[in-house]
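Here are the chains, one letter per residue:
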Amino acid sequence: MTARIEENRSHPRLPDLLAAYHLVNQAEKGTAVEAAAQLPAVYRAEVEDPAGAFAADTVLLATAPGGDTPSGCVVLKAAPACGAPEIKRLWVAPEARRKGIAKALMTEALRRAAASGAPAVRLTVWSWREEPLALYRSLGFGSVDSWDERPDLVCLEKPFDVIERLTPDEVRAHASAGLAALLLDAVDSGASVGFLAPLAAREAAAWWARVAEEAAEGVRDVWAAHGPDGGLTGVVTLVRGGTANGRHRGEIARLLVHRSARGGGLGYRLLATAEAHAAATGLTLLVLDTQTDSPAERLYRGAGWTAAGTIPDFAADPAGVLRATTLYYKRLG
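Bear in mind that the values here come from a model prediction, so they are computed numbers and not experimental data. (Residues numbered from 1 in each chain as written. Predicted model: local features only at pLDDT ≥ 70, side-chain atom pairs only at ≥ 80, totals over all residues. Heavy atoms only, no water.)

(A) Layout of the environment of Leu286. Looking at where Leu286 falls in the secondary structure, it is placed in strand 12 (residues 285-291). Classification of Leu286 by relative accessible area gives buried; the value is 0%. Taking the C-alpha atoms as reference points, Leu286 and Leu196, 90 residues apart in sequence, are found 26 Å from one another. (Helix = DSSP H or I, 4+ residues; strand = E, 2+ residues; numbered from the N terminus. Buried < 20%, exposed > 50% of the residue type's maximum accessible area, 1.4 Å probe, protein only.)

Below, the structure written as structure tokens:
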């Protein structure tokens, strides 16, 4: 089970979470105060009126599995014109730590920032906060030149991968390299995507070559994510219904994110890109199937897909073990 995330800058629990964050922050900076009422005015205003202080921002709260009230929060500041939004106020109550809440909050904040079209997202963290620093770096943040000259403050930024629709010729060009590498990585990671391990590179490349032909025929659309270095970090395809009575629907197939790029919301972005294109081109229903209880299920449920049922022993995983598959659908428009 994962933390439940909600957006609510007016939640009654939020002032307590913000107060705890600022009181610890003041103490670590050597300017401790005993109560929220003694905080500097700018921080006190956040505690007293979060809805007003963050009126233009996105405030996310997280409730631990089995919990009934939020135990963590984070703020995604509104992005400046053509700039990168900033993540602030990440806090998890001490009694709720080591449960993945901070990562869940960050992942959702990153997903929303990327979905807004921002080129990157940034944040600052005190150099002595080793655990948050480790979390941020694991999510793909890197050190950049400082925009805040306070001593011991580390400035970090995460550029977002660019998602582009590939032409048939581009699919062919990437078939034996970037696209094959994504498929090989998925199989090596244990994903049930139609292949058994070990998957030969030539077999992966041949599969993508066939996809290029389907793209040329208008049967399948392909989108790929390019990292800052130009390498492919993810891919998704959309297969259109081929029968006369099924032209209103499509199938999401081969949503792959390289293990080095996971955890930052790229899967959501790829899925949303395919969904938006499907809706814009007249499709009203999407379907897919995925291995039951796999990490992919959390992605699809979080993106608003509905489980239609489970089939036992539907397909073998890369190790050859038969696994159940869950069927999902999503109505568009």
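(B) View of the packing of helix 8 (residues 266-280) against helix 9 (residues 295-302). Running from amino to carboxyl end, helix 8 crosses helix 9 at an angle of 55 degrees, the nearest separation of the two axes being 10 Å. Judged on the interaxial angle alone, helix 9 and helix 8 are oblique. Crossing of helix 8 over helix 9 shows right-handed handedness. Listed contacts from helix 9 to Gly267, Tyr268 and Leu271 of helix 8 are Arg298, Leu299, Tyr300 and Gly302. Of the residues contributing to the contact of helix 8 with helix 9, the split by class is 4 nonpolar, 2 polar and 1 charged. (Axes fitted to C-alpha atoms, helices over the stretch in contact; angles between N-to-C directions. Parallel < 35°, antiparallel > 145°, perpendicular 65-115°, else oblique. Left-handed = near helix turned anticlockwise from the far one by under 90°. Contact = heavy atoms within 4.5 Å. Nonpolar A, V, L, I, M, F, W, Y, C, P; charged D, E, K, R; others polar.)

(C) Broad picture of the side chain of Glu297. Looking at the element boundaries, Glu297 is found in helix 9. Accessibility expressed as a relative area gives 7% for Glu297, which makes it buried. With sequence-adjacent residues up to four places away left out, Glu297 is seen in contact with Thr290, Gln291, Thr292, Thr326 and Tyr328.

(D) Structural context of the sheet that holds strand 2 (residues 58-63). Here we have 7 strands laid out as an open sheet, ordered 1-2-3-4-5-7-6, and mixed in their pairing. Every interior strand has two partners, whereas the edge strands, strand 1 (4-7) and strand 6 (142-143), have only one. Sitting on the sheet, helix 1 (residues 14-28) touches strand 2, strand 3 (72-76), strand 4 (86-92) and strand 5 (120-126), and the angle it makes with strand 4 is about 95 degrees. (Pairing = 2+ DSSP bridges.)

(E) Structural view of the sheet that holds strand 14 (residues 322-331). Read across the open sheet, the 7 strands follow the order 8-9-10-11-12-14-13; overall the sheet is mixed. Of all the strands in the sheet, just strand 8 (162-165) and strand 13 (306-316) have a single pairing partner and so form its edges. The mean angle between the axes of side-by-side strands here comes to 25 degrees, regardless of whether they run parallel or antiparallel. Pairing of strand 8 with strand 9 (residues 220-226), which is carried by 4 bridges, proceeds in the antiparallel orientation. Within the sheet, the bridge partner assigned to Arg165 lies in strand 9 and is Trp223. Across the face of the sheet, helix 7 (residues 201-216) comes into contact with strand 9, strand 10 (232-240) and strand 11 (249-257) while running at roughly 120 degrees to strand 9. Relative to the sheet, helix 8 contacts strand 8, strand 9, strand 10, strand 11, strand 12 and strand 14, its axis offset from that of strand 10 by approximately 30 degrees.

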